[in-house]
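A structural walkthrough
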Amino acid sequence: MKRLVLCVEGPGDEDAVPALVGRLLSELPAELQGHLFLDNRPLRVGAIEKITGNRRAAEWRRFLQIAGKRPKLGAVLLILDGDARTLEGQPFCAAEVARMMAQRAVEAGGGSLFSVAVVFIRQEYESLLVAAARQFPGIPNDTEYPPNVEEAPRDAKDWLDQHLPEGYTPTVDQRTLTNAVIDWQPIREAQNRSFRRLEKALVELIEAVSTGKHVCTPLPPPATDNES
């Protein structure tokens, strides 16, 4: 088995993201089991602005190099909030930035020495918790739930703080609520693109490690006739 190292954003994510990813790995079909084990020390990289731009782009390579020193590394998974408005002078697009970060990982061995996948959760990690909030005890029955958490609320942390009986503190509650989700199927059925992308990324990493054909994903879009 090969090691899967997580790169996450903040202190709450250091506990919650491994809980989520570990759960999803355990729920994969039997033929996808036994190829990756989850490293128990995520790398906290900060928001996407901390590892991009002229002065900070090298930070992404540095974190990949740190991951590369861990024994039996097979893959690195970067999971960050997708709530930025702009990045490197352009409007933020989660798909485009994910492809950009995947390509930049090549400079640190991504795609050759190990595999890399990049996932953005729109708007933020807590958006997934809001989508699952019907499963949390204590929320009033007359609560109106957001119809599309990838569009709004932009501050999902505040939504949880307002609707949970004891409020919400990320460093205390993020993992607890992640573990409290009994069934992620409603999020799948809601066609949550971020969640779907996360599950796809895990499968891509497992297939790459199991075949020895490393990848950096998501891949660039296919070239058009004008570009070829």
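Residues numbered from 1 in each chain as written. Predicted model: local features only at pLDDT ≥ 70, side-chain atom pairs only at ≥ 80, totals over all residues. Heavy atoms only, no water.

Bringing the packing of helix α1 (residues 11–26) against helix α6 (residues 170–180) into the picture now. Two elements in contact, α1 and α6, have axes separated by 7 Å at closest approach and are oriented at 10 degrees. Put simply, α1 runs roughly parallel to α6. In this structure, α1 uses Pro11, Gly12, Asp13, Asp15, Ala16, Ala19, Leu20 and Arg23 to contact α6, whose residues at the interface are Pro170, Thr171, Gln174, Arg175, Thr178 and Asn179. Its residues placed into classes, the contact of α1 with α6 shows five nonpolar, five polar and four charged. (Axes fitted to C-alpha atoms, helices over the stretch in contact; angles between N-to-C directions. Helix = DSSP H or I, 4+ residues; strand = E, 2+ residues; numbered from the N terminus. Parallel < 35°, antiparallel > 145°, perpendicular 65-115°, else oblique. Contact = heavy atoms within 4.5 Å. Nonpolar A, V, L, I, M, F, W, Y, C, P; charged D, E, K, R; others polar.)

Here the focus is the pairing of strand β4 (residues 73–81). Of all the nine residues making up β4, nine are buried; the element is thus mostly covered by neighbouring parts of the structure. Bridge count for β4 against strand β7 (residues 115–121) is seven bridges, and the pairing is parallel. Residue leucine 77 lies in a different strand from β7, and its bridge partner there is alanine 117. (Buried < 20%, exposed > 50% of the residue type's maximum accessible area, 1.4 Å probe, protein only. Pairing = 2+ DSSP bridges.)

Right, let's get into helix α5 (residues 156–163). All buried positions along α5 are accounted for by Ala156, Trp159 and Leu160. Take α5 and look down its axis: the buried residues cluster within an arc of 95 degrees, on one side only. Its buried side turned inward, α5 meets α4 (125–131). (Arc of directions from axis to C-beta.)

Counting residues in hydrophobic clusters, the biggest one holds 44 residues, and the most contacted among them are Leu4, Leu20, Val21, Leu77, Ile79 and Phe136. For this core, the secondary structure elements donating two or more residues are β1 (2–8), α1, β4, β7, α4, α5 and α8 (193–211). A total of seven residues in this core trace back to one element, the largest contributor, which is α8. With near-sequence residues (within four places) excluded, leucine 20 lies in contact with Tyr125, Leu128, Thr178, Trp184, Phe195 and Leu198. Counting residues in hydrophobic clusters, the runner-up holds 29 residues, among them Leu43, Ala84, Phe114 and Cys216. (Core = buried A, V, L, I, M, F, W, Y, C linked by side-chain atoms within 4.5 Å.)

Let's shift gears to the environment of proline 220. Tracing the backbone shows proline 220 in the segment after β8 (216–217). In this structure the C-alpha to C-alpha distance between proline 220 and methionine 100, which are 120 residues apart in sequence, comes to 8.2 Å. Apart from the residues lying within four places of it in its own chain, the contact partners of proline 220 are Arg99 and Gln103.

Residue placement: serine 115 occurs in strand β7. Residue serine 115 is classed as buried on the basis of its relative accessible area, which comes to 0%. Each C-alpha atom of the pair serine 115 and glutamate 204 lies 9.1 Å from the other, and the pair is 89 residues apart in sequence. With near-sequence residues (within four places) excluded, serine 115 lies in contact with Gly74, Ala75, Val76, Leu205, Ala208, His214 and Val215. At a separation of 2.9 Å, a polar atom in the side chain of serine 115 contacts the side chain of histidine 214. (Polar contact = N/O pair within 3.5 Å; in protein donor to acceptor, adjacent residues only side chain to side chain.)

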